[in-house]
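Read off the chains here:
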Amino acid sequence: MLHYTLRRLVAIIPVLFIVSIIVFMIIHLTPGNPAFLILGEDSSPEAVEQLEQQLGLDKPKVVQYVDWVGNIVTGDLGASIYSEQPVSEIIGERIGATFSLMVVAMLITLLIAIPTAIFIVWKRNTVMDPLFLSGSLLGTSIPEFWLALLLVLGLGVAIPIFPVAGYVPISEGIGDWLHHLLLPGLVLAFVEIGLIARMLRDSMLESLNQDYTKTARGKGVKESTVLVRHVLANALIPTTTVIGLTVAGLLGGTVIAETIFTIPGIGQLLIDSIHRRDYPVIQGVVLFIACVYVLVNLIVDLLYAFLDPRIRYD
Amino acid sequence: MRLKHALPLLTILILSLILAACGNDSPSGETEDNAVGEKQSGGTIDVAFNSEPDTLDLMSNASSPTRDIAWHIFETLVALDKDFAVQPMIAEDYNISDDQKVYTITIREGVNFHDGTTVASEDVAASLERWQLVSSVGKTASNFIEEVKTLDELTIEITLNQVYNGFLDDMAAPKTGLVIIPKEIAEEAGEKPLIPEQLIGTGPYQFENWERGKEIVLKKFDDYSQREETDWGGLTGKKEATLDQINFLIVKDPQVKLNGIKTDLYDYAQSIPTDLYEVVETTPNTSPVSYINGYTMMIPDKSEAPFDELKVRQAFQYALDKEEIAQSTYGNEEFYNMDGALFDPSQTELYSAEGTDAYLVHDQEKAKELLAESDYNGEPITIMYSNNNEGYKRISQMAEQQLEAVGFTVELEPYEWATYLEKWQDPSSWDIVTIGYSTRFSPNELGFLVQDKNSSGWYSSDRWTKLMNQWALAASSEERQEILAEMNQTVSDEIPFLKIANETTLDVMSDDIQEYDAWIGPRFWNTWKK
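Everything quoted here is computed from the prediction, not taken from an experiment.

1. Let's talk about the overall build of chain B
In step 1: The number of helices and strands found in chain B is 15 helices and 19 strands.
In step 2: Expected size for 530 residues packed as a compact globule is a radius of gyration near 24 Å; at 25 Å, chain B falls within 12% of this value.
In step 3: For chain B, the spread of C-alpha atoms along the three principal axes comes to 80 × 70 × 40 Å.
In step 4: Relative to its full complement of 530 residues, chain B shows a buried share of 48%.
In step 5: Partitioning the intrachain contacts of chain B with sequence separation of at least 6 by distance along the chain shows that 72% fall at a separation of at least 24.

2. A look at the sheet that holds strand β7 (residues 155-160) of chain B
Residue and element names in this part refer to chain B.
In step 1: One open sheet accounts for four strands, arranged β4-β5-β7-β6; its pairing is antiparallel. Bordering the open sheet on either side are β4 (91-96) and β6 (145-152), each of which pairs with just one other strand. When strand polarity is set aside, the average angle formed by the axes of neighbouring strands in this sheet is 20°.
In step 2: Contacts from helix α3 (residues 121-134) reach β5 (102-107), β6 and β7 within the one sheet, and its direction differs from that of β6 by about 165°.

3. Notes on the interface of chain A and chain B
In step 1: Contacts between the two partners involve 46 residues from chain A, matched on the other side by 46 residues from chain B.
In step 2: When residues in the side of chain A that touches chain B are grouped by element, the largest group, eight residues, is from helix α7 (residues 144-158) of chain A.

4. Examining the environment of Ile263 of chain A
Residues and elements named next belong to chain A.
In step 1: Topologically, Ile263 is positioned in the loop between α10 (223-260) and α11 (266-275).
In step 2: Note on Ile263: 25 C-beta atoms within 10 Å, which makes it buried.
In step 3: When the C-alpha atoms of Ile263 and Tyr167 are compared, they prove to be 5.4 Å apart, with 96 residues separating the residues in sequence.
In step 4: Residues within four places of Ile263 in sequence aside, it is in contact with Ala97, Leu101, Tyr167, Pro184, Ala257, Glu258 and Gln268.

5. Structural notes on the nonpolar core
In step 1: By size, the foremost hydrophobic cluster in this structure holds 215 residues, and its most contacted members are Leu101 of chain A together with Val47, Leu77 and Ala315 of chain B.
In step 2: When residues of this core are assigned to domains, at least three map to each of domain 1 (44-205 + 225-238) and domain 2 (292-505) of chain B.
In step 3: Leave out the neighbours within four places in its chain, and Leu101 of chain A touches Leu181, Pro184, Gly185, Leu188, Thr254, Ala257, Ile263 and Gly265 of chain A.

6. Regarding the domain arrangement of chain B
Residue and element names in this part refer to chain B.
In step 1: On domain assignment, one finds that chain B holds domain 1 (44-205 + 225-238) and domain 2 (292-505).
In step 2: For domain 1 and domain 2, the distance between their C-alpha centres works out to 31 Å.
In step 3: Of the residues lining the interface, 15 residues belong to domain 1; the matching set on domain 2 comes to 13 residues.
In step 4: Looking at the side of domain 1 that touches domain 2, the elements that each hand over two or more residues are α4 (136-142) and α5 (167-172).
In step 5: Class assignment for the residues of the side of domain 1 that touches domain 2 results in eight nonpolar, four polar and three charged.

7. Thoughts on the pairing of strand β10 (residues 245-250) of chain B
In regular strands, side chains alternate between the two faces of the sheet.
Residues and elements named next belong to chain B.
In step 1: When strand β1 (residues 44-49) meets β10, the two strands line up parallel, connected through six bridges. The residue of β10 that forms the bridge with Thr44 is Gln245.
In step 2: By the bridge criterion, five bridges tie strand β9 (residues 215-220) to β10 in an arrangement that is antiparallel. In the sheet register, Lys219 faces β10, and the bridge partner there is Gln245.

8. Considering helix α10 (residues 322-330) of chain B
Residues and elements named next belong to chain B.
In step 1: Every buried residue of α10 is listed here: Lys322, Ile325, Ala326, Thr329 and Tyr330. Down the axis of α10, the sector holding all buried residues measures 100°, keeping them to one side.
In step 2: Buried residues belonging to α10 abut β13 (336-337), α12 (390-405) and β17 (498-510).

9. Observations concerning the packing of helix α5 (residues 87-122) of chain A against α11 of chain A
All names here are of chain A.
In step 1: In contact at an axis separation of 7 Å, α5 and α11 are set at 130° when each is read in the N-to-C sense. Classed by the angle they form, the pair α5 and α11 counts as oblique. Every residue of α11 that contacts α5 at Ile90, Ile91, Arg94, Ile95 and Thr98 is listed here: Ile266, Gly267 and Leu269.
In step 2: Residue composition of the contact of α5 with α11, grouped by class: five nonpolar, two polar and one charged.

10. Quick notes on the environment of Glu486 of chain B
All names here are of chain B.
In step 1: Note that Glu486 resides in helix α15 (residues 477-494).
In step 2: Classification of Glu486 by C-beta neighbours within 10 Å gives partly exposed; the count is 19.
In step 3: Dropping the residues within four chain positions of it, Glu486 is found in contact with Gly355 and Leu467.

Basis of the calculations
Residues numbered from 1 in each chain as written. Chains lettered and ligands numbered in written order. Predicted model: local features only at pLDDT ≥ 70, side-chain atom pairs only at ≥ 80, totals over all residues. Helix = DSSP H or I, 4+ residues; strand = E, 2+ residues; numbered from the N terminus. Rg over C-alpha atoms; globule rule 2.2 N^0.38 Å. Buried ≥ 20, exposed ≤ 12 C-beta atoms within 10 Å, placed from the backbone. Contact = placed C-beta atoms within 7 Å. Pairing = 2+ DSSP bridges. Axes fitted to C-alpha atoms, helices over the stretch in contact; angles between N-to-C directions. Core = buried A, V, L, I, M, F, W, Y, C linked by C-beta atoms within 7 Å. Domains from an automatic or database assignment. Nonpolar A, V, L, I, M, F, W, Y, C, P; charged D, E, K, R; others polar. Arc of directions from axis to C-beta. Parallel < 35°, antiparallel > 145°, perpendicular 65-115°, else oblique.

Below is the structure:
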């Protein structure tokens, strides 16, 4: 197990290396120059040239790339062109908001999706099943931004239960924190609930006819216990994969929710940095997101072994 | 179960939407602006601020987001009052020698910087030095500055190499003017923009914190050295920091701003699209705020065919129906004004209506004729604009139709701002740009007429240069008026750019904010909150 984990961790390095090259190429091939932005529209060419020199943007691209990668190896992601703040520090400041949003969204998703799936499997031969299918389809098809605007109008403005925008760190009170995150969390969760509940329902239906289920029933175990202890437990493996992908997907989804609810997270940071061509920050954030993505996948794989002791990696 | 949950939710949503819609129709309970209660000090104001500035270095950056926050922190040696006349600010007084070349400026005693030190003549000298390096207006002025001497602790003497009457205006420019910062910081920063730790000024509010992407916080500066003049206004005179704190929250989406104002999340929201004016007007407990914000224009690239030829530019002018463009761009007549002059009518010292007769001429036949006589052979012309501004887009689209109607072939090229700035440098990537400039306060600040630069479409004119030289020498109001009229005429004859319309900006504020004066942008001194 340990050996496997280590091997997987080492395998991340080439992935990140390829990501770094792609990111660097894309952003440096896009026109735009931070020097123009810093100096404004009335700037003189000499001033722009001078600033480029100070920022190290006049060096050949290959040199810039090698410098950057060289620093990363020593753990230094560089510093923002605008604030001169280290990129790792900036990501550290922003990750709290994004992570909070993801946790809240994930909790809402699981709290709704898992009971729903169990309920539907329990009532599998009633009208609930087709209703559920169309409902989950609707959930996954609703555009996030539309739902967000609707929720804000309904539960933020007309009936002001939730704040329409903003974010409060958890350190300033858990109640306030949750109050600000429920609406955006719900928006993010909406799509995922349908997806995960359906996935879970399908795998549960599959394991309903397995031998172990029949044995359990034959022993006279209560139907609810059969559903939770035998059917659900065995259906969790494929669902875990989807949940893992969802966590990674949420990282992308937060961009929209963060924009609409003005939450200062990683998504907003990325967009703002792209707009102002803050190269070190863009590169750092994308690399960070890639890291999270790969790590989440690794954790999911390790979870398999935990959920199903038959799976062994060594 | 899912559907069971979804149905009530949907019902709530639909009901809320109906409620929201009704709310907008009901008559607003707007309170009288003048019904001011007892003046209160303290409190925090939350401002939904349109876009995060790239820097707060007011001396080097001429963008409006920088200005609107930084002018709470920094002050200039001399500054504009509400009528756009130059008055002392950090300066006590100034004296200009008889030959108009030597400026002796005395500094007020005991003007405190936010770091606890007081302004001395060496700080002014160091700021002046940096200003000539980093400010576009400062660079113009540096051509005339021969010598800077500190006579004593509070007196500075600036000698010019020739008479230059734009000098005071340059120092007082609301954007990139002569901001006074401590000597060490001016020297340390040099050409680099100030970083947050270096944001030390003398203003009524001091820089507290900048959480990128979220907010910029300013705190009341307790040891502010206040002037006494209550009738000056603008950027000088008495500035009282009544509020304890100003939070500039970065909120880009107009809908979020309006929702936030309605639910008391914000006290003030900046830059609301003018087509939402009716919504703003009918929102209870809020008032619209509007102020002049320069004008929009289309600038042809005069360094290359086809617009290097005057006839093609004339055809361009005759082809445009500017009233139609402005009408469809701004909608509400409260938010634009058709005036052909280089400055706003409210800028009495700078405004001249003379020489603007050609501004609204529109004659398609004449345009076709001129185009036929010219060397233009139907090659596609590119109109480039930045898609961060809805107005630029609409103007460009209207112009495209009108230009094609007289025989131009037009291609539109929208870019996001950073790309736009880069493409703007290269004459081969565009033929016309659509852009706006905020209100300017001296002919030196008209970036779209600076000779041989991308921002003016590589305008090169002996006539304009001569006028600028005359401007530098002009001493009396009458002389200046004459030159301003001639400047209008020159623009009208040579067509370096085509002015579309004067713009008015729409902000919205809560009725809790008292004695607020919009002037040319959001300023939160002398204003207080109920």
